[in-house]
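# A structural walkthrough
If you want the building blocks of each chain, they are given just below.
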Amino acid sequence: MTSLYFDIREDQWPLVYDDKYNVSVMGLEKFHVFDAKKWRNIIQVCFTIRKSTGGVYRDPQHLQDANLITKECLVQPLEAKKQDLLVVHTKKYLRSLKWSTKVAIIAEVPVVACLPNILVQYAYLKPMRLQTGGSILAGKLALERGWAINVGGGFHHCSSDRGGGFCPYADITLLVRFLVDYQLIQNAMIVDLDAHQGNGYQRDFLGVPEVYIMDMYNRNIYPRDKQAKQAIRRKVELDSRVEDSEYLTKLRKNLIAALNDFKPDILVYNAGTDILDSDPLGHLKISEDGIIKRDEFVFEQCKQNNIPIVMLTSGGYLRKTAKIIADSIINLERKGLIKGGKMTEINE
């Protein structure tokens, strides 16, 4: 059994996170469109529950200050090592990441090409390998607990031999392949609701009937990968500036249809928040409330159909998306769609 798989305590939530997820490259990350501290910001506005009251919902802005979430209730993953990555990635591709120029192209930060690769490995690729290990572990935990959330991951533009779009490792493909290789599942469904087409894992699963892909994305933006589209079983192409009503109607119709077509052993939910109105890359017009309703519906369908779900946070390029993700997690708990073990109690 891989070291990336391990058991967690009964009192822990299947919320996978490590503070080393966050990227810092001599301050250069401040000049990138991606919030390199997004994952830490999610945790800082996350939540807990008071057992005696059966659930309390409070303004998450105040929760971290009240010490209502601790390291003890989170699950810290292990970094995906070379032997783990080779389950999917080619040796040639992994070798290419030893060139800073290659990494700069993937991360879309040209100045990274000028940095020593040892620094690039430590400051950028190591956190990405840790998030990848988190996605793989979250797949196992979802089967055991019925749900899991990796507060990171969702590198859906990376395939076995090609990275891009800020995605250096194919964590979605790896998540599914590990579960299949360890005979924990026979099939899987990927529901990708990031604003961009998930062309990475789609290339990996071309011609694989055991993996059903539903992808709902803006047709007018990156990556426009026609070859990868052939792997999509339920394709929902949106135009720019789509708003909540149309978006949620299409989601409800198509996800219900997808689950009627195919009963998966696990559902991998790529929950990008770059669909948010004014996101600089997604070009859709979904409200904060629309994102929360979106996540609630996906989890609700999984619960109704008794399907384990693993959620990855994926894209989202506005600083406020971290709070939206935290609010969504709080809403999922409040609606009874996720449950943990023992909780830290709120002190009066």
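Within each chain, residue numbers correspond to sequence positions counted from 1 in written order. Owing to the predicted nature of the model, reporting of local features is limited to residues with pLDDT of at least 70; listing and counting of side-chain atom pairs is limited to 80 or more, with chain, interface and lining totals taken over all residues. To get the side-chain values, take all heavy atoms of the structure and skip hydrogens and water.

For clarity, the cut-off: UniProt positions are given in the numbering used here, feature names are shortened, and annotations may be inferred rather than shown by experiment.
Going by what an unreviewed UniProt entry lists, the protein chain is known as Histone deacetylase 11 and is assigned to Parnassius apollo. Check the Catalytic activity (unreviewed entry) section of the UniProt entry for the protein chain; it says "N(6)-acetyl-L-lysyl-[histone] + H2O = L-lysyl-[histone] + acetate". The record in UniProt for the protein chain states the following under Sequence similarities (unreviewed entry): "Belongs to the histone deacetylase family."

### Side note on the packing of aromatic side chains
Convention followed: What counts as a ring pair is set by centres within 6.5 Å for rings of Phe, Tyr and Trp (its six-membered ring), and what kind of pair is set by the plane angle: stacked under 30 degrees, edge-to-face over 60, tilted for all other angles. Note on conventions: DSSP H or I runs of at least 4 residues are helices, E runs of at least 2 residues are strands, and numbering of each starts at the N terminus. Accessible area is worked out with a 1.4 Å probe on protein chains only. A residue is then buried under 20% of its type maximum, exposed over 50%, and partly exposed in between.
Counting across every chain of the model gives 8 aromatic pairs. Their ring planes at 70 degrees and their centres at 5.6 Å tell us that Phe-166 and Tyr-317 sit as a pair that is edge-to-face. Of this pair, Phe-166 sits in the loop between β2 (147-150) and α6 (171-181) while Tyr-317 sits in the loop between β7 (309-312) and α11 (321-334), and the two are 151 residues apart along the sequence. For the pair formed by Phe-166 and Tyr-317, the shared burial category is buried. Ring centres 6.4 Å apart and planes at 75 degrees place the aromatic pair Tyr-269 and Phe-299 in the edge-to-face group. Of this pair, Tyr-269 sits in strand β6 (residues 267-270) while Phe-299 sits in helix α10 (residues 288-304), and the two are 30 residues apart along the sequence. Judged by its relative accessible area of 0%, Tyr-269 falls in the buried class.

### Quick notes on the sheet that holds strand β3 (residues 188-192)
Rule in force here: Strands are labelled as partners when DSSP assigns at least two bridges between them. Two residues form a contact once any of their heavy atoms are found within 4.5 Å. Here an axis means a line fitted to C-alpha atoms, over the contact stretch when the element is a helix, while the angle between two N-to-C directions is reported on a 0 to 180 degree scale.
Taken in spatial order, the 7 strands of this open sheet run β1-β2-β7-β6-β3-β4-β5, and their pairing is parallel. Strands at the two margins of the open sheet, each flanked by one partner only, are β1 (15-16) and β5 (234-238). Pairing analysis gives 2 bridges linking β1 to β2, with the strands arranged parallel. Bridge pairing in β2 links Leu-15 to Ile-149. Helix-sheet contacts for helix α5 (residues 117-145) involve β1, β2 and β7, and the interaxial angle to β2 is about 170 degrees.

### With respect to the side chain of Asn-254
Here Asn-254 is to be found in helix α9 (residues 244-261). In this structure Asn-254 comes out as buried when scored by relative accessible area, which is 11%. Apart from the residues lying within four places of it in its own chain, the contact partners of Asn-254 are Met-214, Arg-234 and Val-236.

### Topic: the pairing of β7
Our working rule: A clockwise course of the path from the first strand over the helix to the second, judged with the strands pointing away from the viewer, identifies a crossover as right-handed.
Burial of the side chains of β7 extends over both faces: Ile-309 and Met-311 are buried on one face and Val-310 and Leu-312 on the other. Bridging between β2 and β7 involves 4 bridges; their strand directions are parallel. Opposite Ile-149, over in β7, you have Met-311 as the bridge partner. Relative to β7, β6 runs parallel, the two being bridged by 4 bridges. Among the inter-strand pairings, Val-268 is bridged to a residue of β7, identified as Val-310. Taken together, β6, α10 and β7 form a β-α-β motif whose crossover is right-handed.

### Remarks on the pairing of strand β4 (residues 211-218)
Here β4 lies mainly inside the structure; 8 of its 8 residues are buried. With 5 bridges connecting them, β3 and β4 associate as parallel partners. The partner of Ala-188 across the bridge, within β4, is Val-211. After leaving β3, the chain enters helix α7 (residues 199-204) and then returns to the sheet as β4, a path that is right-handed.

### Thoughts on the confidence of the model for the protein chain
To keep things clear, this is the line we draw: For every residue, the predictor assigns a confidence score, pLDDT, that lies between 0 and 100.
Model confidence for the protein chain is summarised by a mean pLDDT of 89, while 87% of its residues fall at 70 or above. Counting contacts from residues 47-68, a segment whose pLDDT is below 50, to residues more than four positions away or on other chains yields 47 contacts. Below pLDDT 50 for its whole length, residues 342-348 participates in 21 contacts with residues either more than four positions away or in separate chains.

### Considering the nonpolar core
Which entries qualify depends on this criterion: In this description, a nonpolar core means a group of buried Ala, Val, Leu, Ile, Met, Phe, Trp, Tyr and Cys residues linked to one another through side-chain atoms lying within 4.5 Å.
Core analysis: the biggest nonpolar cluster contains 108 residues, and Tyr-247, Leu-267, Tyr-269 and Phe-299 have the highest contact counts within it. Of the residues forming this core, the biggest block, 10 residues, is contributed by α5.

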